[in-house]
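# Coordinate analysis (summary)
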Amino acid sequence: MTSSPSPSLTYRAAGVDIEAGDALVEAIKPLAKSTDRTGTMGGLGGFGALFDLRAAGFKDPVLVSSTDGVGTKLRVAIEAGIHATVGIDLVAMCVNDLIVQGAEPLFFLDYFATGKLEVAAAKDVIAGIAEGCRQAGCALVGGETAEMPGMYAKGDYDLAGFSVGAAERGALLPVGLGAGDVLLGLASSGVHSNGFSLVRRVLEARGLSLHDAAPFAPGKTLGAALLEPTRIYVKPLLALHRAGLLKAAAHITGGGLPGNLPRVLPTGLTAVLDATSWPVPPVFAFLAEAGNVAADEMLRVFNCGLGMVIAVPAARAADATAMLEAAGERVFRIGVLESSEGPAGIRIDNLPASWPRVA
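Since this is a predicted model, take the numbers as computed values, not measurements.

## Focus: the packing of aromatic side chains
Taken as a whole and assessed by the stated rule, the structure comprises 5 aromatic pairs. Note on Phe-112 and Tyr-157: the rings are 5.2 Å apart at their centroids and 20° apart in plane angle, and the pair reads as stacked. Residue Phe-112 is found in strand 4 (residues 104-114), and its partner Tyr-157 is found in strand 6 (residues 157-168); the two are separated by 45 residues along the sequence. Each member of the pair, Phe-112 as well as Tyr-157, carries the same accessibility label: buried. Between Phe-216 and Phe-286, the aromatic rings sit 5.2 Å apart at their centres with planes inclined by 40°, giving tilted as the arrangement. In this pair, Phe-216 is assigned in the loop between helix 5 (196-205) and helix 6 (222-226) and Phe-286 in helix 9 (residues 282-290), connecting sequence segments 70 residues apart. Residue Phe-216 is classed as buried on the basis of its relative accessible area of 15%. What makes Phe-286 buried here is its relative accessible area of 13%.

Next up, the structure:
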C-alpha cells in the first residue's frame, strides 16, 4: 500500500498571516511619519531605529527610559469594541514617567500581540499610539506586531510601550526641594490607566454592562466614558521646567497619591495635602458608592482627579499656575511640603471616611 501524500503545511494554515502583517505595516507608515521630530533618522522597516541626540539639541545628555502597558483597561476596550484611544494611554503611561525626571521624550516603540491579526482594529490602536506621540512630541520609530495563535482568545490583544527621553546632565529632577514648597495638582482626565481590575469588579458586582449609560457622564456609555484616555502632561511641564519653575513632579498612577508622591521627596520632608482643595471627578464618586470602596482604598488605587502633582517654589506658585493654565491645564493648589523626621511621607487632611461623595 502507498499512503497518500500529506497536505503541504503553511504558516497561514498554522494561524499566522504574513500578508496581513505586511498590510498593517503599510497602513501605519503614514501614522509613524506624522510623529517625526528633530533627531529621527530613517523610517519604519529597518532592523533598528536611529536617533541623533546632537541634532535634537542636546550637549551633555543623560538618557532616561520607561516601559509600561495599559493593564486591564485593554479588557474594557476589547469588550466595548473601542480601540482608538488605548494607544494614547500606552504612550501616556511611558512619557509621563519621563517628564517627572526632567526628561524630554524623544522616541517611542510599541509591542502589539494577538492571536489572529485584525488589521482594522490594530490600525486603530496604532493610530492612537501615533496621536499620543504627537501630543508628547516624540517620534514613533518602530515596534513589533506578533501574531501568536493559541496564546490569545479571539479578538484579544496585548500592548506594551517603550520610550526613551533625554535631559541635560544638570537638569534632572527632582532638585532643591525644601519645606514651604507649594504642591500643585494637575487635573486628570478620568481613571487614566490604573485600577481597572477594581473598576471591572465594581461593574460586575452591580450587574452593569459597558454598553449601559454612564450615570456620571451623560450621553456616553460606561465603556466610552471609562476609556477616556490618560492625559499627557509632557509639553506643559517641559515648558515649566525650562522656565526654572519646576522642582519635582510625581505621576499619579498605581498606588495613587500615597504610593507615588513620596517617591520624589527626600528624607525629612512630608507632603501635606488638603482633600477639599481639588474637585474629584464624578467617575470616582460613582466607583466609591457603587463598590462601597473606602476613602483610603480609593486613594491607594486611583488618581482621584489628580494625574500629576508638582512642587514649585512658594514665591513662584502663582506664576507656575498661570503658565500651566495658559497651556490648557486645570491646576489646584493642594498642599505644601513640611519638615519631618524619618523617611519621606504624605498626610492628607480633611478626608471623611465616605470620600468622595456623589454630588
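Don't stop here, the text continues.
## Regarding the UniProt feature "domain: PurM-like C-terminal" (unreviewed entry) in the protein
In the numbering used here, UniProt assigns the "domain: PurM-like C-terminal" (unreviewed entry) feature to residues 179-342. Overall, residues 179-342 shows 34% helix and 20% strand. The separation of its end C-alpha atoms is 14 Å.

## Quick word on the packing of helix 7 (residues 234-242) against helix 11 (residues 317-326)
Packing of helix 7 against helix 11 brings their axes to within 10 Å, and their N-to-C directions diverge by 145°. Remark: the crossing between helix 7 and helix 11 carries right-handed chirality. Facing helix 7, whose interface residues are Pro-236, Leu-237, Ala-239 and Leu-240, helix 11 presents Ala-320, Met-323 and Leu-324.

## Describing helix 4 (residues 119-136)
Compared with an ideal rise of 1.5 Å per residue, which puts 18 residues at 26 Å, helix 4 spans 25 Å between its outermost C-alpha atoms and is within 8% of the ideal. Buried residues along helix 4 sit in contact with helix 1 (18-33), helix 3 (86-99), strand 4, strand 5 (139-147), strand 6 and helix 7. After helix 4 finishes, the residue Gly-137 shows a positive phi value of roughly 75°.

## Description of the sheet that holds strand 6
Overall, mixed pairing links the 4 strands, which are arranged 3-6-4-5 in an open sheet. Both edges of this open sheet fall to strand 3 (61-68) and strand 5, since each of them pairs with a single strand only. Adjacent strand axes in the sheet meet at a mean angle of 15° when their direction is disregarded. When strand 4 meets strand 6, the two strands line up antiparallel, connected through 10 bridges. Bridging from a neighbouring strand, Phe-112 pairs with Leu-159 of strand 6. Contacts between helix 3 and the sheet are confined to strand 3, strand 4 and strand 6, with strand 6 contributing the most and set at about 30° to the helix.

## Structural notes on the UniProt feature "domain: PurM-like N-terminal" (unreviewed entry) in the protein
Under the local residue numbering, the UniProt record ascribes the feature "domain: PurM-like N-terminal" (unreviewed entry) to residues 62-166. When the span residues 62-166 is considered, its composition is 38% helix and 35% strand, and the gap between its end C-alpha atoms is 5 Å.

Definitions and limits used
- Residues numbered from 1 in each chain as written.
- Predicted model: local features only at pLDDT ≥ 70, side-chain atom pairs only at ≥ 80, totals over all residues.
- Heavy atoms only, no water.
- Phe/Tyr/Trp six-rings, centres within 6.5 Å; stacked < 30°, edge-to-face > 60°.
- Helix = DSSP H or I, 4+ residues; strand = E, 2+ residues; numbered from the N terminus.
- Buried < 20%, exposed > 50% of the residue type's maximum accessible area, 1.4 Å probe, protein only.
- UniProt positions renumbered as here; feature names shortened; annotations may be inferred.
- Axes fitted to C-alpha atoms, helices over the stretch in contact; angles between N-to-C directions.
- Left-handed = near helix turned anticlockwise from the far one by under 90°.
- Contact = heavy atoms within 4.5 Å.
- Expected span 1.5 Å × (residues − 1).
- Pairing = 2+ DSSP bridges.

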